[in-house]
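# Chains, contacts and geometry: an overview
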Amino acid sequence: MDKAFNNLLKYLDKLSHTKKEQVYQWVKRYVDPASSVGGRLINEMRETRFKEGFECPHCSSEHVVRFGKVKGRQRYRCKSCCKTFTDTTNTVLYRTRKGDEWITFVDCMFKGYSLRKSAEIVGITWVTLFYWRHKLLSALKQIDFDHFEGIVEVDETYFLYSQKGERGITERKPRKRGGKSKHRGISHEQVCVLVARDRTKATVSKISCMGRIVKTKVEKLIGSKLSSDNVLVTDAWRAYKTYAKEKGLEHYRIKSDDGKHVIKGLYHIQNVNSFHSRMKKWIDRFKGVATKYLDNYLAWFLFVDSRSNESTKQHIKEFLLTSFVFEMTDTYDSLRLSKFKVL
């Protein structure tokens with residue numbers, strides 16, 4: 001027995017990294033079955049989703065009763081709309097025929113594996129995993145907070161508009177490896193991502209518009225989270241100056257051309273600029289991101305960056321539980337056929 005085990009270890013040592021990862025994930029399911037979606041995790045998901053009591057996902061009524069089981073999973077019936085549902089209805093796991101594979105895939109996401117490498121490890125086609133990724137991220141980007149505290153750094157960064165994955169593009173020639181803008185500087189071909197971050201690391205990172213930021217977009221993205229108690233710190237772009245004046249906010253402008261990057265030893269935008277740098281470097285791994293999915297990737301980066309990009313069992317579970325809380329009705333077709341639009 002010992003000899004066979006030693007031979008097994010020698011054989012495993014000769015495997016490729018991807019094959020070793022497959023073996024690791026397979027063994028983990030048997031060593032720690034409680035971590036599976038079919039184990040305790042599904043119960044935690046139910047408790048997290050219905051922590052304030054059962055509520056019908058169709059009509060939000062609280063008049064819900066148990067209504068038998070479907071494939072071993074508890075089913076409920078709403079007495080108001082008469083529709084039935086399960087713990088996973090209108091969530092990322094709704095109608096999925098896989099269970100443990102979701103945990104394995106999220107683990108691969110945290111480790112930064114490509115879709116094709118993840119497909120080998122999970123045992124699902126990379127096309128399916130692409131839509132799994134965006135079902136998770138569509139739910140995750142609904143995470144929000146009430147308000148900023150104290151000093152709020154605001155600055156924008158830009159990505160070239162991308163139609164990666166689309167066919168039949170007629171308005172321009174296809175680009176190779178992302179391509180370059182036809183215009184110098186900031187133009188309507190650039191997608192503006194606004195990042196606002198306070199010193200407690202509460203962060204908004206979303207697409208705001210095409211081209212230069214305007215005050216109406218600033219108000220739409222972060223206006224509800226600002227109060228007279230906040231101090232706004234931005235670059236010298238005039239839209240911020242006008243916005244802060246109309247909002248009645250104390251405002252400090254960092255003018256890079258005069259060499260002053262810190263005012264009074266306290267007011268700067270170094271935190272948000274550092275966030276930009278990490279975000280751009282992280283997104284580069286995908287070799288280009290379609291603009292219609294960019295907000296999803298921004299939400300993904302915000303989640304992993306706040307947890308130092310660590311791939312731990314607790315973070316993986318937290319990722320799934322957080323995604324599970326929010327309603328998600330997107331299907332493969334709705335994700336595939338979605339169009340980019342600035343709200």
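Since the model is a prediction, treat every value here as computed from it, not as a measurement.

How each quantity is defined
- Residues numbered from 1 in each chain as written.
- Predicted model: local features only at pLDDT ≥ 70, side-chain atom pairs only at ≥ 80, totals over all residues.
- Heavy atoms only, no water.
- Pairing = 2+ DSSP bridges.
- Helix = DSSP H or I, 4+ residues; strand = E, 2+ residues; numbered from the N terminus.
- Axes fitted to C-alpha atoms, helices over the stretch in contact; angles between N-to-C directions.
- Salt bridge = Lys/Arg side-chain N within 4 Å of Asp/Glu carboxyl O.
- Buried < 20%, exposed > 50% of the residue type's maximum accessible area, 1.4 Å probe, protein only.
- Left-handed = near helix turned anticlockwise from the far one by under 90°.
- Contact = heavy atoms within 4.5 Å.
- Nonpolar A, V, L, I, M, F, W, Y, C, P; charged D, E, K, R; others polar.
- Arc of directions from axis to C-beta.

## Notes on the sheet that holds strand 3 (residues 84-86)
Strand order in the open sheet formed by three strands is 1-2-3, with antiparallel pairing between adjacent strands. Since the sheet does not close on itself, it has two edges, and those belong to strand 1 (64-70) and strand 3, each with one partner. The sheet shows a mean angle of 35° between the axes of neighbouring strands, direction not considered.

## Let's talk about the pattern of salt bridges
What the rule picks out here adds up to eight salt bridges. Between Lys225 and Asp144 there is a salt bridge, with the nearest N and O atoms lying 2.6 Å from each other. Taken together, the residues Lys225 in the loop between helix 7 (215-222) and strand 7 (231-235) and Asp144 in the loop between helix 6 (126-140) and strand 4 (151-160) connect sequence positions 81 residues apart. For Asp144, a relative accessible area of 54% translates into the label exposed. A salt bridge links Glu246 to Lys215, with the nearest nitrogen and oxygen atoms 2.6 Å apart. One end of the pair, Glu246, is in helix 8 (residues 238-247); the other, Lys215, is in helix 7, and 31 residues separate them in sequence. The exposure class assigned to Glu246 is exposed, which follows from its relative accessible area of 56%.

## Some words on the packing of helix 4 (residues 100-111) against helix 5 (residues 115-122)
Put simply, helix 4 and helix 5 touch, their axes get as near as 10 Å, and they point 145° apart. At the point where helix 4 passes helix 5, the crossing takes the right-handed sense. In this structure, helix 4 contributes Glu101, Thr104, Phe105 and Cys108 to the contact, and helix 5 contributes Leu115, Ser118, Ile121 and Val122. For the contact of helix 4 with helix 5, the class distribution of residues is five nonpolar, two polar and one charged.

## What to know about helix 8
Turning to helix 8, its buried residues number three or more, namely Ala239, Tyr240, Tyr243 and Ala244. Within helix 8, the buried residues cover an arc of 125° as seen down the axis, which keeps them to one side. Residues of helix 8 that are exposed and point more than 90 degrees away from the buried face comprise Arg238, Lys245 and Glu246. Of the residues flanking the end of helix 8, it is Gly248, one or two places downstream, whose phi is positive at about 75°.

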